[in-house]
Amino acid sequence: MTYDIHIIGGGMAGSEAAWQLAEAGQRVRLSEMRGGGHFTAAHRTDGLAELVCSNSFRSDDAQSNAVGLLHQEMRTLGSLIMREADKHRVPAGSALAVDREAFSQSVTSAVASHPNIKLVRERVDHLPSGASIIATGPLTAPLLATEIGAETGEDGLAFFDALAPIVYGDSIDMDVAWKASRWDKGSPNGDGADYINCPMTKAEYLAFHGALIAGEKTEFKEWESDTPYFEGCMPIEVMAERGVDTLLFGPMKPVGLDNPRTGHWPWAVVQLRQDNALGTLWNIVGFQTKLKHAEQVRVFRMIPGLQNAEFARLGGLHRNTFIKSPLLLDPTLRLKSAPHIRFAGQITGCEGYLESAAIGLLAGRFAAADLRSDVIAPPPPTTAFGALLAHITGGASTSTYQPMNVNFGLFPPLDIAGKSKKADRKRMYSARAHDDLAGWVTTLPPLPQMALPTQRT
């Protein structure tokens, strides 16, 4: 076919980049290996933008949370991912969570039906010679990964990413568990009861903690033995090994959750978050695991309320790879050694669904400008877009570079005198970002009338 740019990878970043380019009138070839006879160790379907680890895009609070601010900025720039996420959201307190199957199907339909996008189910094993965006994610096919390594002159970096189990809702014992959000902060227009909470006494917690540590784990292959974990997706049993109280300050913290049967907080709580619009599937929050499947069933059924749990999906573990972006990429995500190639998404070392899509959006916008011989300056580092981009392309040490979620620690400090409350500072970061993004948007060249492709072969 005739196309202007080739995008490899149909995940969050690739789908968003393709959409941005197509909406700018550019003809896109989008290559996705799933559905073409090839699979990954983590994906279950051939849908674009499939959510693997969780169905949550995390906080949707744009006033005091960096990821919520990123949500807002992506909506401002016409993000496909945010448009479809808003359509398919499910109750999750103040977080944005989606029906993952409906979300993926909707993104796939939008991309596949766009007149400027040709979706091709194929595995690409070689670096393209023309304008392209590589958005193959953390599970890049081996042959392409080898070529990327050869081009960048490095072996790449890696860490393990773990998946949490999903439970059928009708197998949860609601005579033991109850529905509530922490501090009763539920979804907008909801009833404040978005999570299922399973309480534990001190004795139950200690027994469960011991079982996590003693349970039989997945054995790593030799080449995986020295691969570090990403702190934001730490297996539950690895956290447990850090100390008997560690989980009480992490995924099993009881604060803000009054058990209606006792009138006080339990010693520990396991929370489950709705995973689909029907409310039939529930994700065990923060319970990414490397326990073997039989051990998962045995150990997780020790949780009060889950003693008869039936699992729609058990947890798993896969290897994640990413490049040394601060060393290799320029401020517009171009590979310095081959500027016709851009990288986007998790392969750049951003972490999280929305962060991945956001970098895909920027890569698409930058590439569209190049193809029109326009110039787009990177977004200000005071915005969520700009702070994340700056971290990836130069704000981090190349020797210790690790995947990173967007957070206010990536933003330039506020110009304020004296001390201020943390909540006030967050609102000030968000207000500054809102103003600076608005100013940056005015500098963007207008999108042309969408040009329909003249040739399809």
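Everything that follows concerns the structure shown earlier in this document.
Thresholds, definitions, all that
Residues numbered from 1 in each chain as written. Predicted model: local features only at pLDDT ≥ 70, side-chain atom pairs only at ≥ 80, totals over all residues. Heavy atoms only, no water. Buried < 20%, exposed > 50% of the residue type's maximum accessible area, 1.4 Å probe, protein only. Helix = DSSP H or I, 4+ residues; strand = E, 2+ residues; numbered from the N terminus. Pairing = 2+ DSSP bridges. Salt bridge = Lys/Arg side-chain N within 4 Å of Asp/Glu carboxyl O. Axes fitted to C-alpha atoms, helices over the stretch in contact; angles between N-to-C directions. Contact = heavy atoms within 4.5 Å. Core = buried A, V, L, I, M, F, W, Y, C linked by side-chain atoms within 4.5 Å. Phe/Tyr/Trp six-rings, centres within 6.5 Å; stacked < 30°, edge-to-face > 60°. Right-handed = clockwise from strand over helix to strand, strands pointing away.

Trainee: If you had to explain the pairing of strand 11 (residues 195–200) to someone new, which residues and values would you point to?
Mentor: Counting buried residues in strand 11 gives six out of six residues, a clear majority hidden from the surface. Residues Y195, N197 and P199 of strand 11 are buried on one face, and the alternating residues I196, C198 and M200, pointing to the opposite face, are buried as well. Inspection of the sheet shows strand 10 (residues 178–180) paired to strand 11 by three bridges, in the antiparallel sense. Across the sheet, the residue bridging to K179 is I196, located in strand 11.

Trainee: Could you give me a rundown of the pattern of salt bridges, with the residues and numbers involved?
Mentor: Summed over all chains, the structure comprises 19 salt bridges. Here D86 ties to R75 by a salt bridge, and the two come within 2.8 Å at their closest N and O atoms. Of this pair, D86 sits in helix 3 (residues 80–87) while R75 sits in helix 2 (residues 66–76); the two residues are eleven residues apart in sequence, bridging distant segments of the chain. Given a relative accessible area of 31%, D86 falls into the partly exposed group.

Trainee: Outline the sheet that holds strand 12 (residues 268–274), supporting the account with residue identities and numerical values.
Mentor: Strand order in the open sheet formed by six strands is 10-11-12-13-9-14, with antiparallel pairing between adjacent strands. Only two strands of the sheet have a single neighbouring strand rather than two, namely strand 10 and strand 14 (311–313). When strand polarity is set aside, the average angle formed by the axes of neighbouring strands in this sheet is 40 degrees. Sheet topology places strand 9 (residues 166–168) next to strand 13 (residues 281–284); three bridges connect them, and they run antiparallel. Along strand 13, the bridge assignment pairs Y168 with L281. Along the sheet, helix 6 (residues 202–214) contacts strand 11 and strand 12; its crossing angle with strand 11, the most-contacted strand, is approximately 95 degrees.

Trainee: Can you break down the environment of A203 residue by residue, with the values?
Mentor: As for its placement among the helices and strands, A203 is situated in helix 6. By relative accessible area, which is 57% here, A203 ends up exposed. Along the backbone, A203 and W267 are 64 residues apart, and their C-alpha atoms lie at a distance of 9.1 Å.

Trainee: So what's going on with the environment of A309? Which residues, and what values?
Mentor: Along the polypeptide, A309 turns up in the loop between helix 8 (293–300) and strand 14. Here the alpha-carbon distance between A309 and Y168, two residues 141 residues apart in the chain, equals 7.2 Å. Those residues in contact with A309 that sit more than four places away from it in its chain are V167, S171 and R301.

Trainee: Give me the nonpolar core: which residues, what numbers.
Mentor: Judged by nonpolar contacts, the single largest core of 85 residues is most densely connected at F57 and F103. Considering every element that reaches this core, the biggest residue donor is helix 10 (residues 353–371), with twelve residues. Once residues lying within four places of it in the same chain are set aside, the contact partners of F57 are M12, L51, V67, H71, I81, A85, L96, A97, V98, F103, Y353 and L354. Core analysis: the next-biggest nonpolar cluster, separate from the first, contains 33 residues, V167, M200, A211 and F300 among them.

Trainee: Can you lay out the packing of aromatic side chains for me, pointing to particular residues and giving the numbers?
Mentor: Tallied over the entire structure, the rule returns eight aromatic pairs. Between F287 and F300 the ring centres are 5.6 Å apart and the planes differ by 65 degrees, which places this aromatic pair in the edge-to-face class. With F287 in the loop between strand 13 and helix 8 and F300 in helix 8, this residue pair connects regions lying 13 residues apart in the sequence. On the basis of relative accessible area, F287 is assigned to the buried category, the value being 0%. Feature note: the residues F57, F103 and Y353 constitute an aromatic cluster, connected by ring pairs.

Trainee: Let's hear about the pairing of strand 1 (residues 5–8): which residues, and what values?
Mentor: Sheet faces and side chains relate simply in a regular strand, where the side chains alternate between the two faces. By the alternation rule, side chains of strand 1 split into I5 and I7 and H6 and I8, which are all buried. In this sheet, strand 2 (residues 28–32) lies alongside strand 1 in parallel orientation, the contact comprising four bridges. Counted as the bridge partner of I7 is L30 from strand 2. Since strand 1 and strand 2 lie parallel, the crossover through helix 1 (residues 12–23) that links them has a hand, and here it is right-handed. Relative to strand 7 (residues 132–134), strand 1 is paired through three bridges, and the arrangement is parallel. Of the residues in strand 7, the one forming a bridge with H6 is S132.

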